[in-house]
Amino acid sequence: MKFGILGALEVTHDGALVPIRSTKQRILLAILLCRVGELAPSDVLIDALWQSEHGEVNTTRLRLQVHRLRCTLGEMAQIIYQSPGYVLHIPPQMLDSWQFEALVQEGRRVIDSGDLARGTDLLRAALDLWRGAPLAGMESVPILHQEAMRLTEQRITALAGRIDADLRLRRHADLIGELQVLVEQYPLQERFRGQLMTALYRTSRQVEALQVYRDGRRTLRNELGLEPSAELRHLEHAILNRDPALLSQADVPPPAEEPTPSAGETGFVGRARELIELSVLVRSTPLITLEGPPGAGKSRLARELGKQEEPYYPGGVWTADLSNVSESSPALWATATHTGSGGPAASPLPTSSALPVAELLWRLPATPALLILDNCDPMAERLGTLIRDLGKTLPELRVLATCRKRLAAVDQFPWRVRPLSLPYDDSFHAVRTSEAGRLFLDRAMEADHEFSLCRHNAAAVARICRAVDGIPLALELAATLTGSVPVERLAGQLDRQLDLLADQGRLTPRHRSLRAAIDWSFSRLSPEEQQAYAQLSVFTRPFRVEDAAVSSGIPRPRMRDLVATFIEHSLLTVEKAQDGPRYRLLEMLRQYGAQQRLDRSGSLATG
């Protein structure tokens, strides 16, 4: 379950909106969310809900509203009475304002350490959480109005900090349009005005920069009767005198062409928000399962998290690859690696070694340690029992498992790994700043050192990102083709050719092509489920269970069960809508299903 207050109040569960239609319950929930883990006194809640005198009648009405809200939210959110009020208990990472503040804090820390590029990525991920004015529609409730003002101020500060870092990275030309909008939206915010003056000056537009100052001075005089701050006046003076310091304040030398990732750079791309949330979650949760569609990047995210979390686990970070493990194998051999000291009770592993899963578990230390079980699907049934028993003897052990369906017979926190963010349009800036675009560019320049993003091929790259729905494996496989296939032609071919994305050099057989990865998941379905999934490929847009039942001729109750199975196997995604959840096949999964449907109809015709 996710809670959103960075916009209109929103509650979602598995991607679908949870309707809270009562205005009183929405206000009640909003106040509790603004004080997660803290006491909200009953008199404060009564004031907000009824603006009337306190008394037994209103106390009873408050209890009724709390009861109804508990029924709506279910077990994922606990509203506890604690005299003299109520406390909402949810994991903090479920709340978008907490995620925002955590990302901003980490972004500032990274920028202060000198990593400007990663810092701006973190701040951009934080700002992307905003859907509009915070707590929109609740401005008439004073306590919520105050919280909305506080959050808005935090957003403005984070936005200005991100733009400062972008200016230091010499992204002046890309910032001008954004800053012009911000100056118009916040005419009294001198920081945005000063940033716009700096960006204009650094792009040889001195006259325009000075006009921005004059406009701001006139606005301040007319609105507040004040003169610009000393900082803004000094900036105007520096621009008038063409102060060389204005051009030397950037930390990175200007590139010869438009900035793109360095050739051969294969660092971890994107997922800043996910890493922050998982970092908090993994330290307090015994077992987390990373679930997602084929090729979504579950393994890479888990390993990156392990690398990041290593200093917090004196018992070390242990990783076991179970992709080649078979349930029928008595030894259950896995390839395991270990980083960190391992603690006094643990026997260190070589850099990479193969050993039975039972021996791996025996080696785990009693001190806090993180165990990453990668590709758990081959032995999902047995692992649940093993992990449950392990937790009884090693209470400080944390387990992070990657799988396409959650493990059996064990309590776990399921975390769905989403595809990478897509370009918002076909522009150079949109491609370069999206996670999917950056991953494609990174891998494309590794495959072809002469490849670079430009305004002429940006639309084709954006089309490729959308054609594969931001699936990391598909993006990487597509990028390897840029050395032999122009991106414009590749963009057209990906719309129709799933087998184009193949790389025989990949070590894991089911990752050699996107088709192989989907084959592996599809083979886990029963014949009836496979046939039903193939029939869903006729839907090119999100659909309802009712639509799928009518189209396939399958009774609605059975179709509802089948849809739940496909979601469990990460073969179907859920999208929120006002009239209830809708379901969608990622484009590559839809192409696969369509091919299965054609193959089956051909078999029937020839049979």
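Keep in mind that this is a model prediction, so the values were computed, not measured.

Colleague: I'm lost on the sheet that holds strand β2 (residues 10-13) in this one. Help?
Modeller: Pairing between the strands of a sheet comes from backbone hydrogen bonds, and it takes one of two forms, parallel or antiparallel. Strand order across the open sheet formed by three strands is β1-β2-β3, with antiparallel pairing between neighbours. Sheet topology places β1 (2-4) and β3 (16-17) at the edges, where each strand pairs with a single neighbour.

Colleague: Can you walk me through the pattern of salt bridges in this structure?
Modeller: Pairing between side chains of opposite charge can happen when their charged atoms approach one another. Inspection of every chain in the model, using the stated rule, returns 29 salt bridges. Put simply, Arg 432 and Asp 174 hold a salt bridge, and the shortest N to O gap is 2.6 Å. Highlighted residues: Arg 432 in helix α15 (residues 428-433) and Asp 174 in helix α7 (residues 172-185), separated in sequence by 258 residues. Among the residues examined, Asp 174 registers a relative accessible area of 23% and is labelled partly exposed. In the salt-bridge network here, residues are joined through shared partners; they are Asp 121, Arg 124, Arg 162, Asp 166, Arg 171, Glu 178 and Arg 438.

Colleague: I'm lost on the sheet that holds strand β5 (residues 78-82) in this one. Help?
Modeller: Spatial ordering of the open sheet is given by β4-β6-β5, a layout of three strands whose pairing is antiparallel. The open sheet is flanked by β4 (40-41) and β5, the only strands paired with a single partner. In terms of strand pairing, β5 meets strand β6 (residues 85-89) through five bridges, oriented antiparallel. When the sheet's bridge partners are listed, Gln 82 is paired in β6 with Gly 85. Contacting β4, β5 and β6, helix α1 (residues 23-34) crosses the sheet at an angle of about 70 degrees to β6.

Colleague: When you look at helix α9 (residues 206-224) in this model, what are you seeing that I'm missing?
Modeller: Along an α-helix, a turn takes 3.6 residues, which lines up residues three or four apart on a common side. For α9, spanning 19 residues, the distance from its first C-alpha to its last is 27 Å, which sits close to the expected 27 Å at 1.5 Å a residue. Turning to α9, its buried residues number three or more, namely Gln 206, Ala 209, Leu 210, Val 212, Tyr 213, Gly 216 and Leu 220. Viewed along the axis of α9, the buried residues span an arc of 150 degrees, placing them on a single side of the element. Exposed residues lying more than 90 degrees from the buried face of α9 are Val 207 and Asn 222.

Colleague: Looking at this structure, I do not really get the packing of aromatic side chains. What am I missing?
Modeller: By convention here, two paired aromatic rings are described through the distance between centres and the angle between planes. On inspection of all chains with the given rule, the structure shows seven aromatic pairs. Between the aromatic rings of Phe 100 and Trp 130, the centroid separation amounts to 5.6 Å while the plane-to-plane angle is 80 degrees, which identifies the pairing as edge-to-face. Taken together, the positions of Phe 100 in helix α4 (residues 96-112) and Trp 130 in the loop between α5 (116-127) and α6 (142-168) put the pair 30 residues apart, joining distant regions of the chain. Consider the rings of Phe 440 and Phe 451, whose centres lie 6.4 Å apart with planes at 80 degrees: the pair is edge-to-face. Placement of Phe 440 in helix α16 (residues 435-447) and of Phe 451 in the loop between α16 and α17 (458-467) is noted, with a sequence separation of 11 residues between them. Accessibility classification places Phe 440 together with Phe 451 in one group, the buried group. Joined through ring pairs, the aromatic side chains of Phe 539, Phe 543 and Tyr 583 make up one cluster. Of note, Arg 283 hangs over the ring of Tyr 312, and the distance from its end group to the ring centre comes to 3.8 Å. Above the ring of Phe 428, the side-chain terminus of Arg 455 is found at 5.5 Å from the ring centroid.

Colleague: What exactly am I supposed to notice about unusual backbone geometry here?
Modeller: With the exception of glycine, most residues fall at negative phi, and the peptide bonds are largely trans. The omega torsion across Ser 83 and Pro 84 is 10 degrees, close enough to zero to call that bond cis. Residues other than glycine seldom take positive phi values, yet Leu 135 does so here, at roughly 50 degrees. Within the element layout of this structure, Leu 135 appears in the loop between α5 and α6. A relative accessible area of 1% places Leu 135 in the buried class. In this model, Arg 170 sits at a positive phi of 65 degrees, which is unusual for a non-glycine residue. Position of Arg 170 among the secondary structure elements: in the loop between α6 and α7.

Colleague: I keep staring at the packing of α1 against α6 and nothing clicks. Help me out?
Modeller: α6 packs onto α1 with a crossing angle of 45 degrees between their chain directions and a minimal axis gap of 10 Å. When the interaxial angle is binned, α1 and α6 end up oblique. Of the two elements, α1 crosses α6, and the hand of that crossing is left-handed. Residue-level inspection shows Ile 27, Ala 30, Ile 31 and Cys 34 of α1 in contact with α6, the latter providing Ile 143, Leu 144 and Glu 147. Of the residues belonging to the contact of α1 with α6, the class tally is six nonpolar, no polar and one charged.

Colleague: Can you help me understand the packing of helix α22 (residues 545-552) against helix α23 (residues 556-568) in this one?
Modeller: The axes of two packed helices give the description: the angle between them and the distance between them. Between α22 and α23, the least distance of the axes is 9 Å, while the angle of their chain directions is 115 degrees. Judged by the inter-axis angle, α22 sits roughly perpendicular to α23. Crossing hand, α22 versus α23: right-handed. Together, Val 545, Glu 546, Ala 548, Ala 549 and Ser 552 of α22 and Arg 556, Met 559, Arg 560 and Val 563 of α23 make up the contact between the two elements.

Rules used in this analysis
Residues numbered from 1 in each chain as written. Predicted model: local features only at pLDDT ≥ 70, side-chain atom pairs only at ≥ 80, totals over all residues. Heavy atoms only, no water. Pairing = 2+ DSSP bridges. Helix = DSSP H or I, 4+ residues; strand = E, 2+ residues; numbered from the N terminus. Salt bridge = Lys/Arg side-chain N within 4 Å of Asp/Glu carboxyl O. Buried < 20%, exposed > 50% of the residue type's maximum accessible area, 1.4 Å probe, protein only. Contact = heavy atoms within 4.5 Å. Axes fitted to C-alpha atoms, helices over the stretch in contact; angles between N-to-C directions. Expected span 1.5 Å × (residues − 1). Arc of directions from axis to C-beta. Phe/Tyr/Trp six-rings, centres within 6.5 Å; stacked < 30°, edge-to-face > 60°. Lys NZ or Arg CZ within 6 Å of the ring centre and 35° of its normal. Parallel < 35°, antiparallel > 145°, perpendicular 65-115°, else oblique. Left-handed = near helix turned anticlockwise from the far one by under 90°. Nonpolar A, V, L, I, M, F, W, Y, C, P; charged D, E, K, R; others polar.

By themselves, these are just geometric observations and shouldn't be taken as functional.
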